[in-house]
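Given next are the chains, with one letter for each unit.
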Amino acid sequence: MSNANPSSDSPSPFSTYTSCVPSSALSCRPCSPCENGVMLYMSSIHKEELPRFKQWLVNEFHPSSAHTTWDQLRAANWAEVVHFLIEHFPGRRAWDVTYSIFTKMNQRNLCFLVQKELHALLPNLKPEDSNSRETQMNLKEEESDKMRKYKSDVIKKYFNVWDNTTWPGNHRDFLFQNVYRHEMYLPCLFLPKRPHGRQPKTVVIQGVPGIGKTTLAKRVMLEWARNRFYPHKFRFAFYFHCQEVNQPVEQSFSELIAHKWPGLQDLVSEIMSKPDQLLLLFDGFEELTSTLVGRLDDLSEDYNRKLPGSILLCSLLSKRMLPEATLLVMIRFTSWQTCMPLLKYPSLVTLTGFNKMEKVKYFKVFFGNTREGDVALSFAMENTILFSMCRIPVVCWMVCSCLKEQMKRRKSLAEACPNATAVFTQYLSSLFSSTENISNKIHQEQLEGLCHLAAEGMWRKKWVFVKKDLGKAKMDEAGLAIFASMNILRRLQGDEDRYAFVLLIFQEFFAALFYILCFPQRLKNFHVLDRMSIQHLVASPGGNKNYLAHMGLFLFGLFNEACMFIVEQSFRCRVSLGNKKKLLKVVPLLYEYNPPSPCCGVPQLFYYLHEAQGDAFVSEALHGYHQATLRINKNRDMQVAAYCLKHCQHLQQMELTVTLNFTKVEKLDPGFHFDSEAQESEKLYHWWQDLCSVFTTNENLEVLLVTNSILEDRSVKVLAGALKHPWCKLQKLLIKHVNCAMLNKDLVHVLVESQHLRYLEIRLTEVEHTTVTLLSRALQSPQCQLQCLRLEDCLATSRSWIALVCGLQGNTHLKTLMLRKISLEPFGAYCPSMAQLERLSMENCNLTQHTCERLATFLRDSTMLTHLSLAENALTDEGAKHIWNTLRDLRCPLQRMVLRECNLTSNCCEDLVSVLQTNKTLKSLDLSFNNLKDDGVIVLCVTLRNHDCRLKILELEACLLTSVCCQVIASMLFSNQSLTYLDLSKNDFGIHGILTLCEALENQEQREDVILVKKESGEVDMMTRLEGPALGRDFLRVIQDWDS
């Protein structure tokens, strides 16, 4: 495939990249260099104005140091100016100086931003020594020459990284790294952070393999040597590969520097005398073959002391040695657990690779402005999994190379590459062309050894292989030489034989290949995946931090029939279906009783099955799938979810989060004439239609929760159409925290046209007046079969909600109405008939004592009400009095009442006990979080001694009870044999009171059993609170928080 690369005269992408920094470049997204940065408004200063700011800043210094200061500031970018301000003007002085300069420059808006930020930071800014730090080392002329020589050597060593990078061999890669973004990242790496406005002393650059961490580190070294990277801060910078430090021979840090750069041997003492001006870069943690030190007591602060490699490395990382130095650490996600315990207060920066626009530009530069380039790009974008993998620059190059080669052979891309796995199969198999003259037996043995090495490494998180690993995989010198010549393996520097795969994605592919190849010489002709391995592979969450994700993707992709044929043809090996059958036995059982926990996107298994395709295989794998939690944030999430849900025939519940905007896809550079936006929008819409069609084809799907979503009208229309379909069997629709436009006419009309919908819940959503009107009309329709309506924390006016509630009196089907945090302040004047309701909950609805009189009237008219909750309303004793009076001769069979947190006191208990004496239907009462105190509960317990009292459940949580009432409670428990549930938690009974209660509980001879239950933490759902605890049998449950 060597001809698949662009020629050496292909236009360089850097000329286009450097001028295309997006407007969101400095956004404070999570784990970006600017996250929590201070003085970000400095980035908005026009480039002509920044020199003026610097000149005014120089004037703030003493005249004797002004010349030196200007030399340091002359080439500084905005972020370095911020760093300079914070370092030279400690505490709030940096903001005072900045405000003063902006005032002189007549920058009023910026002055306002300075004041706003200072007000927010002021409590955390610590006063410091007001003297500016010394900025220069007093180096002798001879030593300065050595310093210049060192910087010159650094430039020579790292310049080729940017000028002549190739991969692999002589293949032209036109610098596959995210170069233009470095111009944005570099200045911000050490930007002072909130809340203390200080520069981070340890910065961690994290990302997946191949994303550009090492290249960024070398770029830092190059820019530092050119005096373009914090020249006022870092006088010395050193780049270390971890294996250089972690040597078997003991050495000191001073010796390490002297050995690495012999010309600096005479400067070591000067370097160490100013550790705060020292920048240390560490890379290559994945190549460590020995573990880091486990005992912090072994670490040393002496940089002249000879230490074992691991202890020296840990001493530097933990800041035990050279605590004032600044560290820049490059790690993969898989290395984070190794480094995290050592690093102090690290600032995290995540490299994300190419975004969509950059991928498109890469394709355009690779193929040129040609028709085949448009075909390749369209094909890649349609396969969202493949296109997402192209965010790694070198993978993007591989995909382009493979697609170009297939088109060169005049092959259909859809046939040659039926899935993403096939693209890598085609590419990697082309590297095996040199083995065609080797006997088939030797070829299979070498391939088996390579795959064995890859698989063992993946399971053990091992990326570097020593002699023992190579021997276990039966890799001999001849095989190693062959795979090294193919650029599949590479030999690492050092005295011992250590090998690694050139790219991690190669290891992931060959690890998957290990489990589908057939090896006739073995007793069992394939390597079996055990149940635990399958569970580990399939049940792991999605996202960057799942190191097995690509291996699993390739494994399932290789089970695709077309892909298996390509493998047999390309690698000259037979394939086995043994593990495919094993997967179909294990995977359905994994999800039948243990549904996957919510993850960052869609379940990882969905990606795997979309890669495998094959309707029968996918349906059988998803046979036990009953619950699905989907977070659709990216195009690939939508594509794989739409495909897999159609095969989940036993799916019963779905939780759906959609933040993808179908109509506003990312705009590409206008310089590229490619109609991808319209195509992408239509593709997304088509996949959304497929996803929603599951509601019309799956008769088991009964529950849908749409949460944290933003859906525009066209998307809602498709969803509503599916829910209104006669074949849709959905019974419960829950809507939580969505955009208000989603609750439009189409969705509300589902209440009228759906034949099976019985439950509607809307929470944490702004509801416009037009929507409330639509809801009211729908609920009044005779076709509406809704039985339960729950509205919670929905923003609308009181009049709107009252109009809705009043409209319910014409609905004969609605049996349960639950309202929470819905303002019903003038409810008393508009309260409708509740004759048809069986359950009513109005929690935290601004009901007051003035409302209770009107409410009591309608309670008296009710004939079916069994459960009533008025929790978290300030009813007071006066308001509750109306309720008690009504309950004495209530016609409805009320069984449970919740008056939790209603501002009740002991004064209400006299009225309450008269109700308990006359009302024979009330079985459950919640009075928690009221100030009943001992006096009120004593009155209550006296009545509960009465054998005629039918109350079975009493909740007195946090009622300000003490030991004074414990004897009365104990006496009541001895006499009352009907009470089966008593909540006494969150009351200060003291030791004496607890002992009194425990003694009474032990002497319950007339009961089968008494159970002390520890109070569970966490918020109780409104429905659970309305229903109340389940009625027990003959035993008594006492809920408490004193039994440990």
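Residue positions are given per chain, counting from 1 as you read along its sequence in written order. Local features in this predicted model are restricted to residues whose pLDDT is 70 or higher, and side-chain atom pairs enter the listing and the counts only when it is 80 or higher, whereas totals over whole chains, interfaces and linings include all residues. Computation of side-chain values covers all heavy atoms of the structure but excludes hydrogens and water.

As annotated in an unreviewed UniProt entry, the chain is NACHT, LRR and PYD domains-containing protein 8 from Carlito syrichta. UniProt positions are given in the numbering used here, feature names are shortened, and annotations may be inferred rather than shown by experiment. Of the chain, the UniProt comment under Sequence similarities (unreviewed entry) reads exactly: "Belongs to the NLRP family."

**A short note on the overall build of the chain**
What counts as a helix is a DSSP run of H or I of at least four residues, what counts as a strand is a run of E of at least two, and both are numbered from the N terminus. Within the chain, the regular secondary structure consists of 46 helices and 22 strands. When each of the 1044 residues of the chain is scored for burial, the buried share is 57%. In the chain, the proportion of contacts linking residues at least 24 apart, taken out of those at least 6 apart, comes to 80%. Accessible areas in this description were obtained via Shrake-Rupley with a 1.4 Å probe; residue shielding takes into account the shown protein chains only. For the chain, the exposed area adds up to about 44400 Å²; of that, 50% sits on carbon and sulfur atoms. Using a 1.4 Å probe on the protein chains alone, a residue whose accessible area is under 20% of its type maximum counts as buried, one over 50% counts as exposed, and one in between counts as partly exposed. Any two residues having at least one pair of non-hydrogen atoms within 4.5 Å are treated as being in contact.

**Considerations on the sheet that holds strand β4 (residues 326-331)**
Across a sheet, strands are paired by hydrogen bonds formed along the backbone, either parallel or antiparallel in direction. Strand pairing follows a simple DSSP-based rule, namely that at least 2 bridges must link the two strands. Spatially, the 5 strands line up as an open sheet ordered β2-β3-β4-β1-β5, and their pairing is parallel. Each of the sheet's edge strands pairs with one partner strand only, and the pair in question is β2 (236-241) and β5 (347-350). In this sheet, adjacent strand axes meet at a mean angle of 15° when their direction is disregarded. Inspection of the sheet shows β2 paired to strand β3 (residues 278-283) by 6 bridges, in the parallel sense. Counted as the bridge partner of H241 is D283 from β3. In this description, a line fitted to the C-alpha atoms serves as the axis of each element, helices being fitted only across the stretch in contact, and the angle between N-to-C directions of two axes falls anywhere from 0 to 180 degrees. Across the sheet, helix α9 (residues 213-225) touches β1 (202-206), β2, β3 and β4, and the angle it forms with β2 is around 155°. Here helix α13 (residues 309-317) sits on the sheet and contacts β3 and β4; the angle it forms with β3, its principal contact strand, is near 125°.

**Focus on the environment of W336**
Checked against the element boundaries, W336 lands in helix α14 (residues 336-339). Taking the C-alpha atoms as reference points, W336 and V204, 132 residues apart in sequence, are found 9.5 Å from one another. Not counting residues up to four positions away in its chain, the partners in contact with W336 are V204, I331, L343, P346 and L348.

**Points about the nonpolar core**
In these notes, a set of buried Ala, Val, Leu, Ile, Met, Phe, Trp, Tyr and Cys residues joined through side-chain atoms within 4.5 Å is what counts as a nonpolar core. The biggest cluster of nonpolar side chains holds 347 residues, and the ones touching the most others in it are F363 and F510. In this structure F510 touches L428, F432, L447, L450, C451, A454, I488, F501 and F571, once residues within four positions along its chain are discounted. If you look at the next biggest cluster of nonpolar residues, it comprises 7 residues, including V703, C788, M818 and L1026.

**Regarding empty space enclosed by the protein**
We place a 1 Å grid over just the protein atoms. Points where a 1.4 Å probe fits but has no way out form a cavity, open points with protein on both sides within 12 Å along at least 5 of 7 lines form a pocket, and any residue with an atom within 4 Å of a point lines it. Grid points are joined across faces, edges and corners, and a volume is the space filled by probe spheres set on the points. Here the structure, examined in full by the defined rule, presents 6 cavities of 30 Å³ or more. As a volume, the largest cavity reaches approximately 80 Å³. What lines the largest cavity is L733, I735, L743, L747, V748, V750, L751, L757, L760, I762, T771 and L775. Listed by contribution, the elements that provide at least two residues to the lining of the largest cavity are β11 (732-738), α35 (745-748), α36 (750-753), β12 (759-763) and α37 (769-780). Of the residues contributing to the lining of the largest cavity, the split by class is 11 nonpolar, 1 polar and no charged. Each residue is assigned to one class: nonpolar for Ala, Val, Leu, Ile, Met, Phe, Trp, Tyr, Cys and Pro, charged for Asp, Glu, Lys and Arg, and polar for all the others, Gly among them.

**A closer look at the environment of I710**
Mapped onto the elements, I710 comes out in the loop between β10 (703-709) and α34 (713-724). Beyond its immediate sequence surroundings of up to four residues, I710 is in contact with V658, L660 and N739.

**Thoughts on the packing of helix α42 (residues 909-918) against helix α43 (residues 933-944)**
α43 packs onto α42 with a crossing angle of 15° between their chain directions and a minimal axis gap of 9 Å. As judged from the angle between their axes, α42 and α43 are roughly parallel. Seen along the crossing, α42 lies across α43 with a hand that is right-handed. Mapping the contact onto sequence places C909, E910, L912, V913, L916 and Q917 in α42 and G936, V939, L940, T943 and L944 in α43. The residue inventory of the contact of α42 with α43, partitioned by class, reads 7 nonpolar, 3 polar and 1 charged. An angle counts as roughly parallel when it lies under 35 degrees, as roughly antiparallel when it exceeds 145, as roughly perpendicular when it falls between 65 and 115, and as oblique in every other case. A clockwise turn of the near helix away from the far one marks a right-handed crossing, whereas an anticlockwise turn of less than a right angle marks a left-handed crossing.

**Things to note about the pattern of salt bridges**
One side-chain nitrogen of Lys or Arg within 4 Å of one carboxyl oxygen of Asp or Glu is enough to make a salt bridge. One pass over the structure, following the stated rule, counts 40 salt bridges. With a closest N to O distance of 2.6 Å, K306 and E255 form a salt bridge. Residue K306 is found in the loop between β3 and α13, and its partner E255 is found in helix α11 (residues 253-260); the two are separated by 51 residues along the sequence. Under the relative-accessibility criterion, K306 is labelled partly exposed at 45%. Put simply, E955 and R896 hold a salt bridge, and the shortest N to O gap is 3.0 Å. One end of the pair, E955, is in strand β19 (residues 953-955); the other, R896, is in strand β17 (residues 896-898), with 59 residues separating them in the sequence.

**A closer look at the packing of helix α4 (residues 78-88) against helix α5 (residues 93-104)**
Where α4 meets α5, the axes come as close as 8 Å, and the angle between the chain directions of the two elements is 125°. When the axis of α4 is compared with that of α5, the two are oblique. Where α4 approaches α5, its residues L85, I86 and H88 are matched on the opposing element by R93, A94, W95, V97 and T98. Residue composition of the contact of α4 with α5, grouped by class: 5 nonpolar, 2 polar and 1 charged.

**Considerations on the confidence of the model for the chain**
Per-residue pLDDT for the chain averages 84, and the proportion of residues at 70 or more is 86%. pLDDT runs from 0 to 100 and stands for how confident the predictor is about each residue. Contacts from residues 1-28, a stretch scored under 50 in pLDDT, to residues over four places away or in other chains number 55 contacts. Considering only residues more than four positions removed or in separate chains, one finds that residues 129-141, a stretch of pLDDT under 50, has 27 contacts.

**Considerations on the packing of aromatic side chains**
Here a ring pair, both rings aromatic, is described through the centre-centre distance and the interplanar angle of the planes. Geometry of aromatic contacts follows a simple scheme: Phe, Tyr and Trp rings, the Trp one being its six-membered ring, pair when their centres are within 6.5 Å, and the pair is stacked under 30 degrees between planes, edge-to-face over 60, tilted otherwise. Counted under the stated rule, the structure contains 30 aromatic pairs. Aromatic pair F240 and F282: ring centres 5.8 Å apart, planes at 25°, arrangement stacked. Within this pair, whereas F240 is found in strand β2, its partner F282 is found in strand β3, the two being separated by 42 residues in sequence. Relative accessible area serves as the criterion here: at 1%, F240 is assigned to the buried category. Aromatic pair F556 and Y608: ring centres 5.1 Å apart, planes at 20°, arrangement stacked. Here F556, found in helix α26 (residues 549-558), pairs with Y608, found in helix α29 (residues 604-612); they are 52 residues apart in sequence, far enough to count as distant. A relative accessible area of 0% places Y608 in the buried class. Every member of this aromatic cluster is reached through a ring pair, and the members are Y150, W224, F236, F238, F240, F253 and F282. Ring-over charges, as used throughout, are those where CZ of Arg or NZ of Lys falls within 6 Å of the ring centre and within 35 degrees of the ring normal. Positioned above the aromatic ring of Y685, the side-chain terminus of R714 is 3.3 Å from the ring centre.

**Side note on the pairing of strand β14 (residues 816-820)**
In terms of burial, β14 is largely enclosed, as 5 of its 5 residues are buried. Strand direction decides the pairing type here: strand β13 (residues 788-792) and β14, joined by 5 bridges, are parallel. If you follow L791 over to β14, its bridge partner there is L819. We call a crossover right-handed when, viewed with the strands running away from us, the connection from the first strand over the helix to the second turns clockwise. Regarding topology, helix α38 (residues 798-806) serves as the crossover connection from β13 to the parallel β14, and that connection is right-handed. Inspection of the sheet shows β14 paired to strand β15 (residues 839-843) by 5 bridges, in the parallel sense. Note that in β15 the partner of R820 across the bridge is E843.

**Re the state of the cysteines**
The definition used for a disulfide is geometric: two cysteine sulfur atoms within 2.5 Å. Summed over all chains, the structure comprises 0 disulfides. In this structure C402 is not part of a disulfide, and its nearest cysteine sulfur, from C417, lies 4.5 Å away.

**As for the side chain of N698**
As for its position among the elements, N698 is in the loop between α33 (694-697) and β10. For N698, a relative accessible area of 1% puts it in the buried group. Each polar contact in these results corresponds to two N or O atoms within 3.5 Å; when the atoms are within protein, one needs to be able to donate a hydrogen and the other to accept it, and residues that are neighboring in sequence are counted only if both atoms are side-chain atoms. Of the polar contacts made by the side chain of N698, one reaches the backbone nitrogen of N700; its length is 2.9 Å. Discounting chain neighbours no more than four positions away, the residues touching N698 are C648, Q649, H650 and L651.

**Remarks on unusual backbone geometry**
Notably, K461 is not glycine yet its phi reads approximately 55°, a positive angle. Looking at where K461 falls in the secondary structure, it is placed in the loop between α21 (440-459) and α22 (467-472).

**As for α11**
The element α11 is extensively covered by neighbouring structure, given that 6 of its 8 residues are classed as buried. Every buried residue of α11 is listed here: F253, S254, L256, I257, A258 and K260.

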